Amino acid sequence: MLILKTLLPEPMHGWAIGKRIQQLSGEVLQVQQGSLYPALHRLEQQGWIKAKWAESETGRQAKFYSLTAAGRKQLEAEPPTGAVCPRR
Amino acid sequence: MRWLERLRMRIQMLFNRGDAAANLDDELRFHIEQQIAENIASGMGADEARHAALRSFGNPVLLREQARATWSWNWLELLLCDIGYGVRTLSRTPGFAAIAILVMALGIGANVALFTIVRSVLLKPLPFQDSNRLMRLYEQSPDDKFPYNDSAGGVFAEWKKQSRSFSDLAILSGFGGYNLSGSVEQLPEGVRAAMFSWNVLPTLGVQPALGRNFTANDDKPSANPTVLLSWGLWKRRFGGNPSIVNQTVLLDAKPYTVIGVMPAWFAYPNAAVQLWTPIYYQMPATEMNAIDSHDFVAIGRLKPGVTETQAVSELTLITRRLHDANLDNPFVSKGASIRPLLESLVGDIKTPLYVLLAATGCLLLIACLNVANLLVARAAARRKEQAVRTALGGSRLRLLRQHLMESLLLSACGGAAGVLLAIGVIQWVVHTRHDMVRMEAIHLDGVAVAFAAGLVVLCALFSGLISSFTAKGDNVLTALQESSRANSAGHGRTRLRAVLLSLEVGLTVVLLIGAGLLLKSYARLRSVDLGCMTRNVLKMDFALPEARYSKPAQRANFFDALLERVRNLPGVEAAGFVSPVVPGDGYGGDSGFSIPEHPAPPRGKLLYALHRWTDPGYFAGIGIPILRGHTFDGTQQPGHATEVIISDAFAREYFSGEDPIGKQLLSLGHHPFEIVGVVGDTRFTAGEAAQPSMYFALDATDDMNNATLVVRSGGDVTQLAMPIQRIVAQMDRDLPVSGILTMDQVVGRSTQDASFNATLLMVFAGLSLLLAAVGLFGVLSYIVAQRTSEIGIRIALGAQREQVLRLMLLDGLRPALVGLVLGLAASVGTARLIRSMLYGTQPLDPAVFTVVAAMLVLVAALACMVPAWRASRLDPMQALRME
């Protein structure tokens, strides 16, 4: 859920998502950065987010995630909760 | 439209997995590099930045695996990975894999073959419309000796007239053959034929593939002769030419019009029949209306809603009425019975086939136990590898899955090889037993393959699960240690292997005893005395065509002339004629008789005996002793028969205490005959006791066109076959000779069933004995390897080699002996089940049981000898150094 909320404004790559989540949770959430990626991949397999490779701000290719229509609808339906992993 | 996204992901994951993996690597690397950059920007050195980044990221390998685990089709990836791994491990030990696959192939192949045979022959319905409503109708003989007797034409006519339970009733005869000729280029050949009433095909619900069926007009004595051909005959002899319809062929030198060709799959009443002619046209009206001559097969289709019991009671009523209206004729049946048509065809071979199926089931179980045993041994050898894998994080489930995958791979390869083996076995069976019913229906089809697949899965689970039980007790740490030959590690496995082996040996003993009983039965049957000479005696069947041999004088001349010329051949010691069959070649038919000088028999006692027609020299020719009186005196004129010769059983039963010579018999239509001689008994088939028989003079009968020549020689009698055929060709160019067999072969034919069953069961028993011996060898080798240090200590402390040998031998023989006891106990039960297949042998035959037990102990001792001997030859220094 947290990831979906993070992606609401604009598409981001995994590093940026991690940074944003750190900011949002006020530096309280100290999970391993890498554990984001299994979650991202699960969300992608389930169709809430989709990915595209594009050039990042450093010039390197990076994988940018964005919400799908279904993902957007999911966010509107659910009340905001503070969980990193999606419910499903 | 989430489902669209998911579908897209799934397709991408299926086909682009490699790309996705590379992308994942890139993604993770990008993240780490970003973090490193951030760390450097906040002042850390290059190395420190890297370490900090990795620390905060986590274990990339683990995270990559976790990310991959979320991908769809993950199960497929794991499956393929397991299969690849299994194939690699198995190919590292090709010997083990080959043996296991071979063992599985034997077990699965035998089962699939027999399952196909049982299903095709016993379970598949007949290829007729609504075949479960088709019934075979029987009469019950008045003395209750034959409850399923063939029907008499007159009785059938009454059934047809009065019965309301059947929508159609038809009559047919399966016996008969013709000499088929007609085209100049092709030789005449004898073909088997059957006679159908015109409504047999409509009753069965079958249409000819070409042309038409008989009509009621074709089925009259005054009709033009018509014939139906079989598909095989049409293809073979007439080139599959559709213009065969309405052409003429010569059957026994008489022209018949071909009106149709039967479909390729049609094989009623049996697969040997190639021609069908109308029965009411072919048979004389006297026979078709006789109520006491049981020569025909009657079939009927039950009306919808009518049960078998209703039909039986109705038919019995009609038969009874007929019986009561003809009380002076003792051979009119009193009742009727019916059986479904399928059962009437295959009822006799049900038990043997099911017994064989059970035997293959035992063989499969033995094969599975053997493979499980092999897998346990293998698991023991790989304890260290398993421990390493567990330490690296492999869950128990994952290890079990890989173990099962190996077991499944072995089973699958064994199953594929087994299906090929089954195809071969089925072809062999169909080839050697083409006389068995419904052989033409046997096909390996999809159901059999599905059955094979099911067996593969079952065997894999069975072997895999059993052999994985032992993995529980292993302590990872002790397994990893170098000196891991602690005795306690092997006990669980040893006991398991010993138990498996005992079960194997028990099943083997059951099979061995079954095979032994059948073998003894067959030997008894084969050695039975037919009552005549069987060594160096040849027989040949003749069928003189009506057209050229219509007068008795013509027939008599032919037979006499042939006999004289054959007797003059060098090497011929004696020759004679008999009709219809030689001893051992079937029942041949019977006739009623009465003895005018005796008081009339009580009501319900039928007087009938087997009938045979012979020439005077037959008895000497085939070696039947003349006990009293003399043979026919050769002065009998055709049409004026007055002499009869009876068999010893006849004399004992009907003339006990008096001399039958000179007494009178009334038979063959109440004609008077004088008894001129008594000859020794003969059996009409190997498995039955000798029946009372009457012999009449062949020359003196009115209509005897079929006869069998018997020739006895001092040396190899098969050399005489060609010279005799040449003589026949000189006398009559168009006369074919058939059924050329030696009497040994005739006996062999009548014991064919017993021979076949015994052979198959012996093969199974032999295979399982081999498997058990190999298993025993393996187990004892394993035990010796486990106890090497212990043996070394014993030897070092002064034990003699022989003591060690005896110790190991006993250790190895113990599971075998336990298995033997189990097997003997089980055999007591199962031997009773095959009682109906035994001849002259008790199910609990002590000789067979003793021989099997002795054989098993001997084989077990031999199998244990090598490892035990090796154990006794251990160098104690080597053994102890291994510690």
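Residues numbered from 1 in each chain as written. Chains lettered and ligands numbered in written order. Predicted model: local features only at pLDDT ≥ 70, side-chain atom pairs only at ≥ 80, totals over all residues.

1. Description of the overall build of chain A
Looking only at helices and strands, chain A features four helices and three strands. Taken from the N to the C terminus, the helices and strands of chain A come in the order α-β-α-α-β-β-α. By residue count, 38% of the 88 residues in chain A fall in the buried class. Summarising the internal contacts of chain A: among those between residues at least 6 apart in sequence, 54% fall at separations of at least 24. (Helix = DSSP H or I, 4+ residues; strand = E, 2+ residues; numbered from the N terminus. Buried ≥ 20, exposed ≤ 12 C-beta atoms within 10 Å, placed from the backbone. Contact = placed C-beta atoms within 7 Å.)

2. Considerations on the packing of helix 6 (residues 94-123) of chain B against helix 17 (residues 446-468) of chain B
Residues and elements named next belong to chain B. Where helix 6 meets helix 17, the closest approach of the two axes is 10 Å, and the angle between their N-to-C directions is 145°. For the crossing formed where helix 6 meets helix 17, the hand is right-handed. Counted together, Met104, Ile108, Asn111, Val112, Phe115, Thr116 and Arg119 of helix 6 and Val447, Ala448, Phe451, Ala452, Leu455, Val456 and Cys459 of helix 17 form the full contact between these two elements. Grouping the amino acids of the contact of helix 6 with helix 17 by side-chain chemistry returns 11 nonpolar, two polar and one charged. (Axes fitted to C-alpha atoms, helices over the stretch in contact; angles between N-to-C directions. Left-handed = near helix turned anticlockwise from the far one by under 90°. Nonpolar A, V, L, I, M, F, W, Y, C, P; charged D, E, K, R; others polar.)

3. A short note on helix 27 (residues 801-833) of chain B
Relative to the 48 Å expected for 33 residues at 1.5 Å per residue, helix 27 of chain B spans 47 Å between its end C-alpha atoms, a close match to the ideal helical length. In helix 27 of chain B, a bend of some 35° at Ser827 of chain B exceeds every other bend along the element. (Expected span 1.5 Å × (residues − 1). Bend = angle between axes of the 7 residues up to and from the residue.)

4. Structural notes on the packing of helix 6 of chain B against helix 14 (residues 350-381) of chain B
Residues and elements named next belong to chain B. Running from amino to carboxyl end, helix 6 crosses helix 14 at an angle of 160°, the nearest separation of the two axes being 9 Å. With respect to their mutual orientation, helix 6 and helix 14 come out roughly antiparallel. Considering only the axes of helix 6 and helix 14, their crossing is left-handed. Its residues placed into classes, the contact of helix 6 with helix 14 shows 22 nonpolar, five polar and two charged. (Parallel < 35°, antiparallel > 145°, perpendicular 65-115°, else oblique.)

5. Overview of the pairing of strand 20 (residues 671-679) of chain B
Residues and elements named next belong to chain B. Where strand 17 (residues 626-629) and strand 20 come together, three bridges link them in antiparallel fashion. Within the sheet, the bridge partner assigned to Arg628 lies in strand 20 and is Val678. With five bridges connecting them, strand 18 (residues 643-647) and strand 20 associate as parallel partners. Bridging from a neighbouring strand, Ile645 pairs with Gly677 of strand 20. Here four bridges tie strand 19 (residues 664-667) to strand 20, and the two strands are oriented antiparallel to one another. Directly across from Leu665, in strand 20, lies its bridge partner Phe673. What sits between the antiparallel neighbours strand 19 and strand 20 is a turn of three residues, in which Leu668 has the positive phi angle 50°. (Pairing = 2+ DSSP bridges.)

6. Comments concerning the interface of chain A and chain B
With 21 residues of chain A at the contact, the number on the chain B side is 21 residues. Looking at the side of chain A that touches chain B, the elements that each hand over two or more residues are helix 2 (14-24), helix 3 (36-46), strand 3 (61-67) and helix 4 (69-77) of chain A. Partitioning the side of chain A that touches chain B into residue classes produces six nonpolar, 10 polar and five charged.

7. Re the sheet that holds strand 3 of chain A
Residue and element names in this part refer to chain A. Spatially, the three strands line up as an open sheet ordered 1-3-2, and their pairing is antiparallel. Strands with a single pairing partner mark the edges of an open sheet, and in this sheet they are strand 1 (12-13) and strand 2 (49-55). With seven bridges joining them, strand 2 and strand 3 adopt antiparallel strand pairing. Bridging from a neighbouring strand, Lys50 pairs with Ser66 of strand 3.

Spatial relationships are all this shows, so hold off on functional conclusions.
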